[in-house]
Amino acid sequence: MNHNGAVVGPLYLFELASSQARWLELRQSTIATNVANANTPGFKARDVEPFNKVLDGMPVRLATTSPAHMQLSPAETDTRATAKKDSWDVVHSGNSVSLEQEMIKGNDVNRDYSMNSAIVRSFNRMILTGAKV
């Protein structure tokens, strides 16, 4: 079920994957901007909100199809990550870009995009197989 109480269907996965792909595109662009300004005096490195914060804006409740199902409170289904401490080092020029951290984040984006694409391909094949039966 989605936040409006409607049942979440198979197309919800495609909508979710599309949202994550747009988020990954924005994050990659932000990382590229940071790297491009690595030598710019006074430039402050930026990052986007974690994707789980995007998901927090569109909560999905668990469906109960039987009276025997347990009901969970919103606190028990909260998936927000704990706040991460900002670890940027600021150099003498006032620039806070760490190329090592940007490369790690870029690798994370690449990995997440590959996983997103693989899940969508698998789910698409599963739907097509079900349609052929």
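Refer to the structure printed above.
None of these values were measured; they are calculated from a predicted model.

Conventions used here
Residues numbered from 1 in each chain as written. Predicted model: local features only at pLDDT ≥ 70, side-chain atom pairs only at ≥ 80, totals over all residues. Heavy atoms only, no water. Helix = DSSP H or I, 4+ residues; strand = E, 2+ residues; numbered from the N terminus. Buried < 20%, exposed > 50% of the residue type's maximum accessible area, 1.4 Å probe, protein only. Contact = heavy atoms within 4.5 Å. Areas by Shrake-Rupley, 256 points an atom, 1.4 Å probe, with all protein chains shown as cover. Salt bridge = Lys/Arg side-chain N within 4 Å of Asp/Glu carboxyl O. Patch = residues over 30% accessible without salt bridge, like charges linked within 9 Å, V, L, I, M, F, W, Y side chains within 5 Å. Phe/Tyr/Trp six-rings, centres within 6.5 Å; stacked < 30°, edge-to-face > 60°.

Honestly, the overall build of the protein chain in this entry has me stumped. Any pointers?
Counting secondary structure elements, the protein chain contains three helices and zero strands. Walking the protein chain from its N terminus toward its C terminus, one meets helices and strands in the order α-α-α. Across the 133 residues of the protein chain, 21% fall into the buried class. Sequence-distant contacts in the protein chain: of pairs separated by 6 or more residues, those separated by 24 or more amount to 73%. When the accessible surface of the protein chain is totalled, it reaches about 9800 Å², and 59% of it is carbon and sulfur.

Just checking my understanding: could you explain the pattern of salt bridges for this structure?
Where side chains of opposite charge bring their charged atoms close, a pairing between them can arise. Applying the stated criterion to the full structure yields five salt bridges. Among the salt bridges present, the one from Lys-105 reaches Asp-47, with a minimum N-O distance of 3.6 Å. With Lys-105 in helix H3 (residues 99–132) and Asp-47 in the loop between helix H1 (10–36) and helix H2 (51–56), this pair connects stretches of sequence that are 58 residues apart. Lys-105 sits in the buried class, given a relative accessible area of 8%. The class for Asp-47 is partly exposed, based on a relative accessible area of 36%. Ionic pairing is found between Lys-105 and Glu-102, a salt bridge with its closest N-O pair at 3.2 Å. Of this pair, Lys-105 and Glu-102 both sit in helix H3, three residues apart, which is roughly one turn of that helix. One salt-bridge network, in which partners are shared between bridges, spans Arg-27, Asp-47, Glu-102 and Lys-105.

Would you mind going over a nonpolar patch on the surface with me for this structure?
A surface patch of nonpolar side chains, amounting to about 250 Å² of accessible area, comprises Val-35, Leu-99 and Met-103. Structurally, Val-35 can be placed in helix H1. With relative accessibility at 30%, the residue Val-35 sits in the partly exposed group.

What should I look at first to understand the packing of aromatic side chains in this one?
Two aromatic rings are characterised by how far apart their centres lie and by the angle between their planes. Taken as a whole and assessed by the stated rule, the structure comprises two aromatic pairs. Pairing Phe-14 with Phe-123 gives two aromatic rings, centres 5.4 Å apart and planes at 65°, and the pair type is edge-to-face. Residue Phe-14 is found in helix H1, and its partner Phe-123 is found in helix H3; the two are separated by 109 residues along the sequence. Since its relative accessible area comes to 17%, Phe-123 is described here as buried.

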